[in-house]
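# Fold and geometry: a report
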Amino acid sequence: MIKTTPSVCPYCGTGCGIGLRSDGDKVIGVEPISSHPISKGRLCSKGWSAAFATGHENRVTSPMIREGEGFRKASWDEALTLIHEKFSYHRDHHGPETVGMISCARATNEDNYAIQKFARTVLKTNNIDHCARICHSPSVAGLQQTLGSGAMTNSIADVGKADVIVVFGCDPTESHSIIGSDIMKAKEAGALLMVVDPRRTRLAEIADVHLQLRLGTNVALLNGLVNIILERGWEDKAFVAERVDDLDVMRKAIAEYTPERVEEITGVPVDQQIQFARLYSHARAAFLAYGMGVTQYVSGTNNVMSISNLALICGHVGKQGAGINPLRGQNNVQGACDMGCLPCQYPGYQQANDPAVRDKFAKAWGTTVGQIPGMTSLGMNEAMLDDAFHALMIFGEDPVLTDPDQNQVTKALKKLDCLVVVEMVMTETAQLADVVLPAACFAEKNGTFASCERRVQRVRKAVNPPGECKSDWQTIAMMAEKFGAKGFGWANSEEVFNEIVSVTPIYSHMSYPRLDESRGLQWPCNTHHPDGSPVLHERSFPIGKARLIPVHNLPTAEQPDVEYPYYLTTIRLHFHYGCGSMTRKSPLLERESPKGLLFMNPRDANNQKLFNHAPVGVRSRRGYIETRVVVTDQVPPGLLSIPYHFFDTPSNQLTNDAQDPVTRMPELKACAVRVEPLARDAEPKSIHTLRALHEAELAE
Ligand SMILES: Nc1nc2c(c(=O)[nH]1)N[C@H]1C(S)=C(S)[C@@H](COP(=O)(O)OP(=O)(O)OC[C@H]3O[C@@H](n4cnc5c(=O)[nH]c(N)nc54)[C@H](O)[C@@H]3O)O[C@H]1N2
Ligand SMILES: Nc1nc2c(c(=O)[nH]1)N[C@H]1C(S)=C(S)[C@@H](COP(=O)(O)OP(=O)(O)OC[C@H]3O[C@@H](n4cnc5c(=O)[nH]c(N)nc54)[C@H](O)[C@@H]3O)O[C@H]1N2
Ligand code: SF4
Ligand SMILES: [Mo]
């Protein structure tokens, strides 16, 4: 019998509602939900194709243990016994700082909560992190300091209530397509659209103002804009007087960013700077969205704080249609952060370095918790290279493809005594594992996702998982039993959620029935806001007054030079998602973009005598890949862009892992490369072929 189960799209943080159409244990299609508050009957092509991601072909369906170069099937009991042996040995003999876990921003809150609870109470470590590290960790750290909360301040619906929309270092038509379409609609209805991006994105093409700054010069531009506004007295004086601290410090610190100097650094002409400053500061309500073009820099946290400075002096916070809005990327990356899958934070952003918080959780969980400060994901990689970290459990992430500097990451993971990967498919990372455990996908389990607008929504099981696949919280519960740990004996996902609610104040008035009634609730949802909070900071900030924190412009860690003359930035394509493990199962999405590509300006192509689709090698100081050129004026001369979804053409062969000192966010958006033309009729080789050739050469 065919039925439709209401759920949530498993891809981006927009959180669109989908109906999963199933026949027996097969998801046969997806339909939009017209009454959904965000998607209102719309889906993008990834949402429409979500059924393909659940297909049983190429799924991992039973535990597997490494045997030589390959794997053999194993029982759950055998796999868990091995994991128990390895992890408890290293925890007890080398210390809890030598073991750790990576949780999954694609999995549910219930899964993520269970994973961090296991890390803290069973492994006794704070080495728990996830992909927010290389995504919006600078937003969490930066906005926490300036506003007291690191999440999107407003809601997606506010796009339609703004008179000015700023799209700063994000590409929503590709990455949050339904929000992208809301922005287009708002522009048609009369809102002004201003885009700040070194590339000519689709929104930049239709924008009223496009500030096409040089790569990595956000702070200089933002300081310049703040300077123009303060010099001309365009700031919101009443808001600043009442709700913001440290204006004088700010004024002094940024006086050196004159429009002329800013033009020199950023390439943005003085008159465009003034135009932007005037329109943004005079807006009734300006909605500012930002993304990876802000965070994925060594100056990521500074970039976020300077965005916050601009919005605060203009009073565009704490009211409808405005806000500082980091568009959180993954379907549940907001939730994985809310659940405390971060080394420094327990559920609900309670600080791990506060002994009172640790005591509170130890009491609630009826056991002791890890006391030593935890490492970030890249910190754990470095410790592996130093032989100071021995056993890692990764739930649904593919760092070999998605972390910077692929060759280093691979080297680090190979040094582990035990790598466990809990996955739906054999990703590049799973292929390096000692144990692979089979994971149920979003359509095969119950739980909740938190979208970018802090909306916690129900995800429902439409079909049974194939083979022996389990929800991640069930896997954790079985593992805990093997370790003899108590406190994981939940009967179902609702019991996990009720425990989450009991220890997470920002979720305290949520329950499954309440989430059902209201199609999700936006946190904080507590005694003060029992029906949730579409707009944050309306009357005050969690830290009382907001802070203006002046920061200075820093160059990117690597810059083009004679040897590596281009800047390279990595981007997303509409049709593919993350490591591609789910979208690349869809023949429809593969038809649209089947291969890795390198985008290059016509002037550069001409100089190098390259034609559209010419095969090329791309080399950085760290690695080499082969791909084809797309000649386009989307990128200015001197800048190349490359999508990061293709395991055969991995952009992270090239990227630099230089890091933001505050959050250890790597500089995924800027590195230096050169382009080496291949013979006109050559077929670009995949990384696997290149690696095999290299190894054969070494052997000779
Ligand atoms: N189709 C698709 N959608 C996705 C994803 C996906 O893989 N595929 N992933 C999801 C995830 S995890 C995330 S985090 C989001 C990310 O969503 P976005 O933030 O939109 O992601 P990126 O494509 O990385 O885009 C960043 C933009 O920053 C610009 N940029 C680069 N450097 C600078 C700079 O110095 N200053 C400024 N102002 N801009 C700069 C780039 O040109 C690019 O347009 O997307 C989510 N949605
Ligand atoms: N060069 C470059 N690199 C980047 C970026 C960039 O812009 N440029 N962006 C970075 C960003 S913002 C992000 S968020 C990361 C994303 O990096 P990843 O998190 O590594 O990428 P995903 O494709 O989201 O991988 C998720 C994996 O989770 C599995 N999965 C899905 N659902 C579940 C589940 O319920 N349980 C389990 N156990 N597994 C599941 C999928 O099969 C998939 O293999 O990439 C980062 N890497
Ligand atoms: S915009 Fe995001 S959540 Fe909505 S259908 Fe597309 S991928 Fe899914
Ligand atoms: Mo992300």
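Remember, predicted model here, so these are calculated numbers, not experimental data.

## Description of the sheet that holds strand E2 (residues 17-23)
Read across the open sheet, the 3 strands follow the order E1-E2-E3; overall the sheet is antiparallel. Strand pairing shows two members of the sheet lacking a second neighbour, strand E1 (2-8) and strand E3 (26-32), which therefore form its edges. On average, each strand axis in the sheet is tilted by 30° relative to the strand beside it, whichever way the strands run. Across 7 bridges, the pairing between E1 and E2 is antiparallel. The residue bridging Pro6 from the neighbouring strand is Gly19, located in E2.

## Describing the packing of helix H3 (residues 76-94) against helix H21 (residues 472-482)
One way to put it is that H3 packs onto H21 with a least axis distance of 10 Å and a crossing angle of 65°. As H3 packs across H21, the resulting crossing turns out to be right-handed. Facing Trp76, Asp77, Leu80, Thr81, Ile83 and His84 of H3, the residues of H21 in contact are Thr475, Met478, Met479 and Lys482. Looking at the contact of H3 with H21 residue by residue, the class counts come to 5 nonpolar, 3 polar and 2 charged.

## Observations concerning the site of ligand 1
Taken together, 35 residues are adjacent to ligand 1, and Ser175, Asp197, Tyr297, His576 and Gly578 come closest. Here a nitrogen atom of ligand 1 sits 2.8 Å away from a polar atom, N or O, in the side chain of Asn218. Here ligand 1, which alone exposes 930 Å², has 99% of that area covered by the protein. Put simply, the parts of the chain that give the shell around ligand 1 at least two residues each are helix H6 (172-175), helix H14 (292-295) and strand E23 (566-571). Across the shell around ligand 1, the residue classes tally to 13 nonpolar, 15 polar and 7 charged. Here the shell around ligand 1 spans two domains, and each of domain 3 (137-327) and domain 4 (566-699) adds at least three residues to it.

Rules behind the numbers
Residues numbered from 1 in each chain as written. Chains lettered and ligands numbered in written order. Predicted model: local features only at pLDDT ≥ 70, side-chain atom pairs only at ≥ 80, totals over all residues. Heavy atoms only, no water. Pairing = 2+ DSSP bridges. Helix = DSSP H or I, 4+ residues; strand = E, 2+ residues; numbered from the N terminus. Axes fitted to C-alpha atoms, helices over the stretch in contact; angles between N-to-C directions. Left-handed = near helix turned anticlockwise from the far one by under 90°. Contact = heavy atoms within 4.5 Å. Nonpolar A, V, L, I, M, F, W, Y, C, P; charged D, E, K, R; others polar. Near = heavy atom within 4 Å. Polar contact = N/O pair within 3.5 Å; in protein donor to acceptor, adjacent residues only side chain to side chain. Areas by Shrake-Rupley, 256 points an atom, 1.4 Å probe, with all protein chains shown as cover. Domains from an automatic or database assignment.

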